[in-house]
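Architecture at a glance
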Amino acid sequence: MLTFFIAVTIDWLIPRFMPGDPVQSMLGRVRVAHPESVEAMRGFFTNAFGLDVPVWQQYLNFWAALFRGDLGISVYRFPQRVTEILLTAVPYDVALLVPAILLSWWAGNKFGAYAARRRLLDNTLLPLGYTLTATPYMWLAILLAWGLGIKLDLFPIAGAYAYDMAPHWSLRFIGSVLHHWFLTFASLFLVGFGGWAIGMRNTIIYELEADYSHYLEALGAPQKLVRKYAFRNALLPQLSGLALQLGVIVAGALVTEVVFSYPGIGYQLLAAIQNQDYFLIQGCFLFIIMGVLMANFIIDIVFVIVDPRTRRGMTGETA
Amino acid sequence: MKKTKNEFLYFAFRNNKLRIGVSIVLFFLVLAIIGPFFTENEPLDFVHRGAPVRPFTSREYLLGTTVFGQDVYSQLVYGLRATFIVGAVGGGLATLIGVIVGFTAGYRGGEADEALNMLTNIVLVIPTLAVLLIISAYLEVRGILLESVFIGCAAWPWAARAIRAQTFSLRSRDSVDLAKLSGKSSAKIIFTEIAPNMMSYLLLVFILQFGGATLNAATLDFIGVGPTEGISLGLMMNHAVSHSALLLDFWWWFIPPGLAITAIVGALYVTNVGLDEVFNPKLREM
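What counts, and where the lines are drawn
- Residues numbered from 1 in each chain as written.
- Chains lettered and ligands numbered in written order.
- Predicted model: local features only at pLDDT ≥ 70, side-chain atom pairs only at ≥ 80, totals over all residues.
- Helix = DSSP H or I, 4+ residues; strand = E, 2+ residues; numbered from the N terminus.
- Buried ≥ 20, exposed ≤ 12 C-beta atoms within 10 Å, placed from the backbone.
- Contact = placed C-beta atoms within 7 Å.
- Core = buried A, V, L, I, M, F, W, Y, C linked by C-beta atoms within 7 Å.
- Axes fitted to C-alpha atoms, helices over the stretch in contact; angles between N-to-C directions.
- Parallel < 35°, antiparallel > 145°, perpendicular 65-115°, else oblique.
- Left-handed = near helix turned anticlockwise from the far one by under 90°.
- pLDDT = per-residue confidence, 0-100.
- Nonpolar A, V, L, I, M, F, W, Y, C, P; charged D, E, K, R; others polar.
- Expected span 1.5 Å × (residues − 1).
- Arc of directions from axis to C-beta.
- Bend = angle between axes of the 7 residues up to and from the residue.

1. Brief notes about the overall build of chain B
Counting secondary structure elements, chain B contains 11 helices and 0 strands. In sequence order, the secondary structure elements of chain B are arranged as α-α-α-α-α-α-α-α-α-α-α. Each of the 286 residues in chain B was classed as buried or not, and the buried ones make up 50%. Expressed as a percentage of contacts within chain B between residues at least 6 apart in sequence, the contacts between residues at least 24 apart total 73%.

Here is the structure:
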């Protein structure tokens with residue numbers, strides 16, 4: 001909660017320190033010749049952006065508007081509201097990030113656990129995993145776009161659906177959306193997969209060396225059972241790792257969207273920065289923060305469900 | 001003490017992961033240091049006139065030229081320099097802040113711990129790259145050192161957490177209790193009992209932070225909010241993508257910078273695991 005408060009305050013502060021004045025840039029955009037009409041328009045825009053009141057009131061207004069779901073008006077797409085622009089962008093992000101995060105986490109963990117302490121697989125997994133997790137997101141995206149998109153011409157490399165279509169519910173349109181979605185998804189998935197596989201491999205080796213594993217082995221438990229227990233224990237650090245990685249993944253999605261001109265929040269944010277669009281930047285930042293906080297919250301809940309120890313801890317030391 | 005050091009060195013030289021990782025990083029480091037002496041072309045100057053040169057066809061432009069006749073080799077070696085600077089300064093700063101915060105929290109405990117922990121958690125949750133993006137967009141003139149400092153200031157929470165946990169476990173060791181009982185000052189305990197056991201761990205943290213800072217810088221540069229002067233590997237990719245190198249099939253323009261980053265960061269990670277095995281006998285391959 002405190003995090004949210006601070007984040008919102010930062011969010012409010014930062015654009016106000018930015019160079020350039022949104023009103024001035026709006027005026028430059030409309031290019032009015034008459035000095036009188038310039039003055040009139042300056043008044044109009046200052047009012048429209050809510051910049052005609054003292055700073056402290058701007059801050060309070062910001063909070064009030066926030067609770068009404070009003071994030072102001074975009075500068076570079078002028079009459080459009082920021083919330084509107086962002087709400088059209090969010091579905092693309094959700095469709096991209098949720099499957100990419102969950103699938104790469106799941107597949108990476110399974111594979112990493114399977115490969116650990118199996119010589120042949122381990123020797124291939126390690127270099128592959130380290131390479132993948134060290135790859136900058138945009139470079140993998142560039143490679144996929146170049147190799148599969150341009151050289152082999154298997155996938156389109158820009159946009160969220162074919163340019164000659166308007167969004168509607170039809171098989172052809174959904175096919176086109178999936179077709180455009182795939183490479184973006186794949187580059188996020190692959191980088192994540194490498195990281196989780198390596199992480200799981202390294203944690204499970206610790207677990208397999210732990211006393212309880214040796215004890216189980218000494219009791220004559222089958223290898224499979226020992227591995228199963230080790231896997232469950234190793235999943236916990238991986239889960240908290242997921243919470244820590246969220247910011248990085250979001251940043252990765254941001255640049256990936258830029259490479260593929262995929263119209264999610266990352267793409268909007270870049271456009272907003274290039275156009276010095278105060279309010280759109282604020283909105284994007286806020287949406288990103290809210291998304292990450294929400295995901296963190298969900299992970300916390302999952303943690304309580306899967307690990308009984310945290311439950312006891314929560315009732316014991318809440319004070 | 002001497003004997004254990006020799007033992008570490010012995011395992012260090014025998015560890016394949018460490019050998020491979022360190023050689024790759026050193027290779028690029030040497031390239032970054034001496035590479036620029038082999039070219040007279042400034043990385044961003046339009047030195048070549050006429051049709052772009054393909055790689056390995058000319059002596060003057062070993063890795064070819066960009067669409068505008070800039071020397072790719074020169075961009076790569078100067079970009080590598082920038083990468084190492086950001087990694088060292090950004091990663092170093094993140095480790096330093098992480099040590100101060102994590103160590104204070106872990107050693108003092110109590111209220112100091114709670115306050116610092118809260119701070120850590122807040123910075124941890126806020127997506128650092130989004131903040132960096134906005135701050136960078138706000139500054140009109142940005143240097144590479146400034147970028148490194150920002151990256152360092154955003155990346156420390158993870159290090160702080162790891163170091164706090166490590167301090168906790170070291171603090172509760174018998175040797176520390178014994179030192180306390182014998183009336184040693186805190187400073188002395190920290191330097192004689194805790195610091196030596198911490199050094200190996202710090203090295204590992206620094207290596208990971210170095211890699212992270214490099215990746216972060218590449219991302220920022222790629223979006224176009226990196227340093228306003230000079231070249232970097234991320235900026236090379238930015239130029240390549242924005243001038244449709246993909247469609248023009250100029251693979252020598254966008255493959256080398258990404259490959260260099262991947263190789264360096266991957267090698268750092270492998271070095272990290274190798275070192276971990278050297279310091280922690282349990283993990284050594286059987």
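2. Observations concerning the overall build of chain A
Within chain A one finds 13 helices and 0 strands. Counting from the amino terminus, helix and strand elements in chain A follow one another as α-α-α-α-α-α-α-α-α-α-α-α-α. Once local pairs closer than 6 in sequence are excluded, the contacts in chain A between residues at least 24 apart make up 71%.

3. Points about the nonpolar core
The biggest cluster of nonpolar side chains holds 147 residues, and the ones touching the most others in it are I142(A), C284(A) and M237(B). Excluding anything up to four places from it in sequence, C284(A) contacts L86(A), I265(A), Q268(A), L269(A) and A272(A).

4. Regarding the packing of helix α7 (residues 174-181) of chain B against helix α8 (residues 186-223) of chain B
Residues and elements named next belong to chain B. In the contact formed by α7 and α8, the axes pass within 10 Å of each other and the chain directions differ by 155 degrees. Between α7 and α8, the interaxial angle falls into the category roughly antiparallel. For the element pair α7 and α8, the recorded crossing hand is right-handed. Between α7 and α8, the residues in contact are S175, V176, A179 and K180 and I189, E193 and I194, respectively.

5. Quick notes on the confidence of the model for chain B
In low-pLDDT regions, the fine details of the predicted coordinates are not to be read closely. Residue and element names in this part refer to chain B. Summarising the model, chain B shows a mean pLDDT of 77, and 84% of its residues fall at 70 or more. Across chain B, helix α3 (residues 72-108) holds the top mean pLDDT of 85, while helix α1 (residues 2-14) sits lowest at 64. What the predictor reports for the complex is a pTM of 0.79 with an ipTM of 0.77.

6. Points about the interface of chain B and chain A
With 35 residues of chain B at the interface, the matching set in chain A holds 39 residues. Taken together, the elements giving at least two residues each to the side of chain B that touches chain A come down to α4 (110-125), α5 (128-138), α8, α9 (233-242), α10 (245-248) and α11 (251-279) of chain B. If one sorts the elements of the side of chain B that touches chain A by residue count, α11(B) sits on top with 9 residues. By residue class, the composition of the side of chain B that touches chain A is 27 nonpolar, 6 polar and 2 charged.

7. Topic: helix α2 (residues 16-34) of chain B
All names here are of chain B. The end-to-end C-alpha distance of α2 is 27 Å, a good match for the 27 Å that 19 residues give at a rise of 1.5 Å each. Those residues of α2 that fall on the buried side of the exposure criterion are K17, L18, G21, V25, F28 and A32. Angular distribution of buried residues about the axis of α2 spans 120 degrees; they occupy a single face of the element. Exposed positions of α2 whose direction lies more than 90 degrees from the buried face are N16, S23, L26, V30 and I34.

8. Observations concerning helix α6 (residues 144-171) of chain B
The terminal C-alpha atoms of α6(B) lie 38 Å apart, and with 28 residues this matches the ideal 40 Å at 1.5 Å per residue to within 8%. Maximum bend of α6(B): about 40 degrees, positioned at W156(B), with proline P157(B) one to four residues after it.

9. Observations concerning the packing of α8(B) against α11(B)
Two packed helices can be described by the angle between their axes and the distance between those axes. Residues and elements named next belong to chain B. The interhelical angle for the contact between α8 and α11, taken along N-to-C directions, is 170 degrees, at an axis separation of 10 Å. Between α8 and α11, the interaxial angle falls into the category roughly antiparallel. The element α8 and its partner α11 pack so that their crossing is left-handed. Within the contact between the two elements, α8 uses S200, L203, L204, I207, L208, F210, G211, T214, L215 and A218 and α11 uses I261, I264, V265, L268, Y269, T271, N272, L275, D276 and F279. Grouping the amino acids of the contact of α8 with α11 by side-chain chemistry returns 14 nonpolar, 5 polar and 1 charged.

10. Digging into the confidence of the model for chain A
Residues and elements named next belong to chain A. Within chain A, residue pLDDT values average 74, and 71% of them lie at 70 or more. The least confident element of chain A is helix α13 (residues 308-316), whose mean pLDDT is 56; the most confident is helix α5 (residues 82-115), at 81. In this model, residues 314-319 is a region of pLDDT below 50 whose contacts with residues beyond four sequence positions or in other chains number 1 contact.

11. Regarding the environment of L188(A)
All names here are of chain A. Mapped onto the secondary structure, L188 falls in helix α8 (residues 171-208). Owing to 25 C-beta atoms within 10 Å, L188 belongs among the buried residues under this scheme. For L188 and L97, which are 91 residues apart along the polypeptide, the C-alpha to C-alpha distance reads 8.1 Å. Each residue touching L188, except ones within four places of it in the same chain, is listed here: L96, A100, G252, A253 and T256.

12. So, the environment of I122(B)
All names here are of chain B. Inspection of the secondary structure puts I122 in helix α4. Given 16 C-beta atoms within 10 Å, I122 falls into the partly exposed group. Residues I122 and P157 lie 35 residues apart in sequence; the distance between their C-alpha atoms is 8.9 Å.

13. Observations concerning the environment of L125(A)
Residue and element names in this part refer to chain A. The topology assignment puts L125 in helix α6 (residues 119-134). Here L125 falls in the buried class, since 20 other C-beta atoms lie within 10 Å of it. Once the C-alpha coordinates of L125 and A115 are considered, the two residues, 10 residues apart in sequence, prove to be 7.0 Å apart.

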